[in-house]
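# What the coordinates show
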Amino acid sequence: MGQKVNPIGFRVGVTTGWDSRWFAEKDYGRYVEEDLRIRQYIKKKLHSAGIARVMIERAANKAKVYIHAAKPGIILGKRATGLDSLRAEIQPLTQSEVFVHIMEVRKVDTEAVLVAENIAAQLEKRISFRRALKKAMQQSRRAGAKGVKVMCSGRLGGAEMSRLEWYMEGRVPLHTLRANVDFGVAEARTSYGAIGVKCWIFKGEMMPGEDARGA
């Protein structure tokens, strides 16, 4: 059996923090459901802005939503009016008062989620999967990644039978807890069917207690 562990979940509490930062005894289930709804809505509505991750902090019936985006200008809009409308759209999804903060992602090519989504977008445009994977790896390495592994599976190139192919450059130490490994998943919906894309990016080693994903 191939037993695969999510590299981010594997490191939570060691070198990686939680994306939802709050404590609850009675309303735990409701908060989890609300967080999921908020993330799904933001990811779907602001897909073109390149959402790397959404972090949620809760305290005293207030929810602070931190959106890490590659293109914050798309969210903010002209004269920063987009922030207020986004807050108004998120508010019905939760019983807490919502505050939205936009954070810019500096290095897009070292964010695994954005790299995986970029590969998926190219596959949907009928670009060769080998070309898309190798180009993504080269860009990540150029941006400062110490190691990159990319994988895609499905009916690659419209083949009759689905298969899995992967490429790796540099080193990606998945068993080392102090290794800062970012992981992202995306799905390309092609005319032949869905093609899954996974991406691992090794950014270097860090000491326990440091937060790889930031505040």
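Described below are features of the structure shown in this document. (Residues numbered from 1 in each chain as written. Predicted model: local features only at pLDDT ≥ 70, side-chain atom pairs only at ≥ 80, totals over all residues. Heavy atoms only, no water.)

## Quick notes on unusual backbone geometry
A positive phi angle is found at Ala60, which is not glycine, with a value near 50°. Considering the arrangement of structural elements, one finds Ala60 in the loop between β2 (51–59) and β3 (62–69). Accessibility expressed as a relative area gives 74% for Ala60, which makes it exposed. (Helix = DSSP H or I, 4+ residues; strand = E, 2+ residues; numbered from the N terminus. Buried < 20%, exposed > 50% of the residue type's maximum accessible area, 1.4 Å probe, protein only.)

## What to know about the packing of helix α5 (residues 112–124) against helix α6 (residues 129–142)
Pairs of packed helices are described in terms of their axes, by the angle between the two and the distance that separates them. Packing of α5 against α6 leaves a shortest axis separation of 9 Å and a crossing angle of 150°. When the interaxial angle is binned, α5 and α6 end up roughly antiparallel. Handedness of the crossing formed by α5 with α6: right-handed. Contacts from Val115, Asn118, Ile119, Gln122 and Leu123 of α5 reach α6 at Phe129, Ala132, Leu133, Ala136, Gln139 and Ser140. When its residues are assigned to classes, the contact of α5 with α6 shows seven nonpolar, four polar and no charged. (Axes fitted to C-alpha atoms, helices over the stretch in contact; angles between N-to-C directions. Parallel < 35°, antiparallel > 145°, perpendicular 65-115°, else oblique. Left-handed = near helix turned anticlockwise from the far one by under 90°. Contact = heavy atoms within 4.5 Å. Nonpolar A, V, L, I, M, F, W, Y, C, P; charged D, E, K, R; others polar.)

## Some remarks on the sheet that holds strand β8 (residues 193–205)
The four strands are arranged β6-β5-β8-β7 in an open sheet whose pairing can be described as antiparallel. Unpaired on one side and paired on the other, β6 (163–170) and β7 (179–190) mark the two borders of the sheet. Between one strand axis and the next, the sheet turns through 10° on average, direction left out of account. Bridge count for strand β5 (residues 147–154) against β6 is eight bridges, and the pairing is antiparallel. Bridge pairing links Cys152 to Glu165 in β6. Set on the sheet, α5 makes contact with β5, β7 and β8; between it and β7 the angle comes to about 25°. Where α6 meets the sheet, its contacts fall on β5, β6 and β8, and the angle it forms with β6 comes to roughly 25°. (Pairing = 2+ DSSP bridges.)

## A few points about the pattern of salt bridges
Here the structure, examined in full by the defined rule, presents 18 salt bridges. Taking the shortest distance from any N to any O, the salt bridge between Arg58 and Glu34 comes out at 3.1 Å. Taken as a pair, Arg58 in strand β2 and Glu34 in helix α2 (residues 28–45) lie far apart in primary sequence, 24 residues in all. For the pair shown, Arg58 and Glu34 are each scored as buried. Overlapping salt bridges bring together Asp27, Arg30, Glu34, Asp35 and Arg58 as one network. (Salt bridge = Lys/Arg side-chain N within 4 Å of Asp/Glu carboxyl O.)

Spatial relationships are all this shows, so hold off on functional conclusions.
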